[in-house]
Each structure stands twice: as C-alpha cells, then as structure tokens.
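Breakdown of the fold
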Amino acid sequence: VQLQASGGGLVQAGGSLRLSCAATERTFSSYVMGWFRQAPGKAREFVSAITWNGGTTWYSDPVKGRFTVSRDNAKNTVYLQMNSLKPEDTATYYCAGAPRLPFSLWRTPSYYTYWGQGTQVTVSS
C-alpha cells in the first residue's frame, strides 16, 4: 500500500487547512489510519487516528477540539481537518496505516506499517 499525503501549506495563526491521505489499494479500508507530525529537532508525535470504519477516533491533547480526523473508504482517503491553527502546529505531517493495531498502540509510530511522504504545514504568528 502506498500513501500520498497532500494539503499542507502556509497559513496564519487561527486559520485552517485540510490534509488528505490517499491510499493506492482498497485494503486500506480495513486499516487503522493515523496522523503524526514532526517538527525540526523533535521526535515524531502522534496527532490523531481513526478506525477502519470511522467509528472510533483519538486525538492528542494539543490538538483535541481543533482537529478532526475522518475517512472516506470509497475514495481510499483519510482526512485531517485542522482549525484554529497555532504556530506550534508547524511541522511535517505524515499519515500512516496499520492493518491491525490495538487501540493501546495507536500512539506509537513504530507499529504502523505504511507511511506517506509527509506534507509541510507552516503556521505564521
């Protein structure tokens, strides 16, 4: 499975962006999909994840209430709607997929099998 992330860009604080992650195979529809981000000099950080059917989502505390993850399995695509962006949200954002992943492991990057190439999000103050 190949994942292609897009939608990043430069936005002012308080603005919004929607990231997309398109998968090349329909088996994607059975995967847990996660979003991570990595700022320069920092470790890759969990942002959000969603179950295969969209029934369960999870957010890290810094983005809770501002970001929304969703998926459209008919389009093999997962989205991350980012509102009320802050300068500290500046990072490269990655989508990732895992065929089977217990909820307890969602936050750990090493348990995801497939990764997109990353899309840069820059929030100016």
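In what follows, the accompanying structure is described. This is a predicted model, so every value here is computed, not measured.

1. Here's the deal with the nonpolar core
With 27 residues, the main nonpolar core has Met33, Trp35, Phe67, Val78, Leu80, Met82 and Tyr93 as its most contacted residues. Going through the elements one at a time, β1 (3-6), β3 (17-23), β4 (32-38), β5 (45-50), β7 (67-72), β8 (77-82), β9 (91-98) and β11 (119-124) are the ones with two or more residues in this core. For this core, the element with the highest residue contribution is β3, accounting for four residues. Among all residues touching Val78, those that are not within four sequence positions of it are Leu19, Ser20, Cys21, Phe28, Met33, Trp35, Ile50, Val69, Ser70 and Arg71. The next biggest cluster of nonpolar side chains, apart from the first, holds nine residues, and it includes Val32, Ala49, Ala98 and Tyr112.

2. Overview of the side chain of Ser48
Looking at the secondary structure, you find Ser48 in strand β5. Assessed through its relative accessible area of 0%, Ser48 is described here as buried. Those residues in contact with Ser48, other than ones at most four positions away along the chain, are Met33, Gly34, Trp35, Trp58, Tyr59, Val69 and Leu80.

3. Focus on the sheet that holds β7
Hydrogen bonds between backbone atoms are what pair the strands of a sheet, whose relative direction is either parallel or antiparallel. One open sheet accounts for four strands, arranged β1-β3-β8-β7; its pairing is antiparallel. With partners counted over all chains shown, the strands left at the sheet margins are β1 and β7, one partner each. Averaged over all neighbouring strand pairs, the angle between strand axes comes to 15°, with direction disregarded.

4. A short note on the state of the cysteines
Summed over all chains, the structure comprises one disulfide. Paired through a disulfide, Cys21 and Cys95 show a sulfur-sulfur distance of 2.1 Å. Given an S-S torsion of about 65°, the disulfide between Cys21 and Cys95 has right-handed geometry. Note that Cys21 is positioned in strand β3 and Cys95 in strand β9, a separation of 74 residues in sequence. In this pair, the class of Cys21 matches that of Cys95, namely buried.

Conventions used here
Residues numbered from 1 in each chain as written. Predicted model: local features only at pLDDT ≥ 70, side-chain atom pairs only at ≥ 80, totals over all residues. Heavy atoms only, no water. Core = buried A, V, L, I, M, F, W, Y, C linked by side-chain atoms within 4.5 Å. Buried < 20%, exposed > 50% of the residue type's maximum accessible area, 1.4 Å probe, protein only. Helix = DSSP H or I, 4+ residues; strand = E, 2+ residues; numbered from the N terminus. Contact = heavy atoms within 4.5 Å. Pairing = 2+ DSSP bridges. Axes fitted to C-alpha atoms, helices over the stretch in contact; angles between N-to-C directions. Disulfide = S-S within 2.5 Å.

Fair warning: the whole summary comes from geometry, so function is off the table for now.
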